[in-house]
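Secondary and tertiary structure notes
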Amino acid sequence: MLKKWILFLINLVSLLLISAVPLCLLLDNPNLAGSLLPHWKGVSALSEKSIPDYTEADNKIRTFLGEAPSLEQLQVKFKRFSGQQIQDNIFLTKDAMYENIPQPDPQSNATSNNANGMLEFVYRYYIPTYAMIVPTACAIKQNDVPQNAPLFNQRNYIDDIYRSISGVITSTDVYTTLFASMDEYIYYRTIPELTGLGGYYLYSVLGEKLSLRTRSLAQFEQIYLNHNCYGSLYQRLPYPDVQPDIYSYYRMSLFRREYRMTRYETDGYVHRYNDIILPQIMETSQEITDVVLGGRAPLITIKVDSPYKERLLIFSDETVKSYIPFLAAHYNEIYIVDLELADNETLDKLGIKHFDQVLFSYSADTFFQKDFGEKLMYLAK
């Protein structure tokens, strides 16, 4: 009953705010009010000129107020004003939204199963293997989230994993680099992913571990697709104060590469493309970042027209979309496997022995919460 009363009060206050905003603005802005009042030329019979132009007045109100917030937006804003800076497991900052990542369940074996699965994989194939666990936005942008936010120390958990695989798998510490760049636009404000710039920082650290001659950011062209983007976090929680995202991707401007990409979908269909960037799907994709690679799929193969001969096998989640435009140019062929979506039949197609390097690349959220150890054991048998 108490919850119902609280919801009733929130709705009531929201409605009062909606009705009060135009009046308050008019009282605070007499010039605006004067311009909207009808100007009568007399009290006698009305002429066409004496009829107030309500269309013009309406346009002036719309121009002054902008797009009126919805009731749901006002509820979110009112809750934040009353102290609820975490709603629907999302941190609401001054102008951004960062998803809260819960501490790994101590009763879950997901993290240890994943680490053990990677080790067994290496023991089976003895291919140079690398691991990169990427911290989420709330860990790197911790100065922006509420002071008393229930954050867990992602850095410690990541370091524990790296210690457990030390000597067998080469670890790639990207936490330090991202943390040093926390004030830059490396995470989207309404999408729980890294931006292209954040992806470049991953590439710059990863490239050294993979013994690649990494290229400077100046050698890539930044191409903008949308300057007013609201992603999945905003769709989940319409926070009116958030600043829209600017979506862009990078393409190597010097020594351009030609790509042939094949996507093996969950429904069994196979789609082929002549690029790894698909702007044509921007309007239909679930997340605008799916423009890179076309989004998630059980298996994506990339054939690169390049002078290199090396083949790379990547096990990853959405994180791969941020850095693959930079990394792909260094290889002849790349396979990207999503263990959460791939079945055993897909795994049987990999031909693992033919790869020169293997990379396990996951966000901290995925690695700590999703258990794909069984599928790695299947590959290792």
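Here the residue numbering is sequential within each chain, running from 1 through the sequence in written order. A pLDDT threshold of at least 70 governs which residues receive local features in this predicted model, and a stricter bar of 80 or more applies before side-chain atom pairs are shown or counted, although totals over entire chains, interfaces and linings include all residues. The side-chain figures draw on all heavy atoms in the structure; neither hydrogens nor water molecules are used.

Aromatic rings from Phe, Tyr and Trp, taking only the six-membered ring of Trp, are treated as a pair when their centres fall within 6.5 Å; an angle between ring planes under 30 degrees marks them as stacked, one over 60 as edge-to-face, and anything in between as tilted. If you walk through the whole model with that rule in mind, you get 22 aromatic pairs. A centroid spacing of 5.7 Å and a plane angle of 25 degrees characterise the contact between Tyr-203 and Phe-326, whose relative ring orientation is stacked. In this pair, Tyr-203 sits in helix α9 (residues 196-209) while Phe-326 sits in helix α11 (residues 320-327), placing the two residues 123 residues apart along the sequence. Residue exposure (1.4 Å probe, protein chains only): buried if accessible area is under 20% of the type maximum, exposed if over 50%, otherwise partly exposed. On the basis of relative accessible area, Tyr-203 is assigned to the buried category, the value being 1%. What makes Phe-326 buried here is its relative accessible area of 1%. With centroids separated by 5.1 Å and ring planes inclined at 70 degrees, the aromatic side chains of Tyr-335 and Phe-355 adopt a geometry described as edge-to-face. In this pair, Tyr-335 sits in strand β12 (residues 333-337) while Phe-355 sits in the loop between α12 (344-347) and β13 (357-363), placing the two residues 20 residues apart along the sequence. Summarising the burial analysis for this pair, Tyr-335 and Phe-355 share the class buried. One aromatic cluster is present, built from ring pairs that chain together Phe-152, Tyr-157, Tyr-362, Phe-367, Phe-368 and Phe-372. The way it works is that DSSP assigns letters per residue, a run of H or I at least four long becomes a helix, a run of E at least two long becomes a strand, and they are numbered from the N terminus.

Another point: the pattern of salt bridges. We count a salt bridge whenever a side-chain nitrogen from Lys or Arg sits within 4 Å of a carboxyl oxygen from Asp or Glu. This structure, assessed with the given rule, holds 15 salt bridges. Lys-77 is paired through a salt bridge with Asp-241; the nearest N and O atoms lie 3.2 Å apart. Remark: Asp-241 occurs in the loop between α10 (232-236) and β7 (245-252) and Lys-77 occurs in helix α4 (residues 71-81); sequence separation between them is 164 residues. Through salt bridges that share partners, Arg-296, Glu-318, Asp-338, Glu-340 and Lys-370 make up one connected network.

Each axis is a line fitted through C-alpha atoms, taken for helices only over the stretch in contact, and angles between the N-to-C directions span 0 to 180 degrees. Orientation of helix α5 (residues 110-125) relative to helix α14 (residues 373-380), taken along the N-to-C sense of each, is 10 degrees, at an axis distance of 8 Å. Judged by the angle between their axes, α5 and α14 are roughly parallel. Contact residues: Asn-113, Asn-114, Asn-116, Gly-117, Met-118, Glu-120, Phe-121, Arg-124 and Tyr-125 in α5; Gly-373, Leu-376, Met-377, Leu-379 and Ala-380 in α14. Convention used here: angles under 35 degrees read as roughly parallel, angles over 145 as roughly antiparallel, angles from 65 to 115 as roughly perpendicular, and any remaining angle as oblique. Between two residues, a contact is recorded if the distance between any of their heavy atoms is within 4.5 Å.

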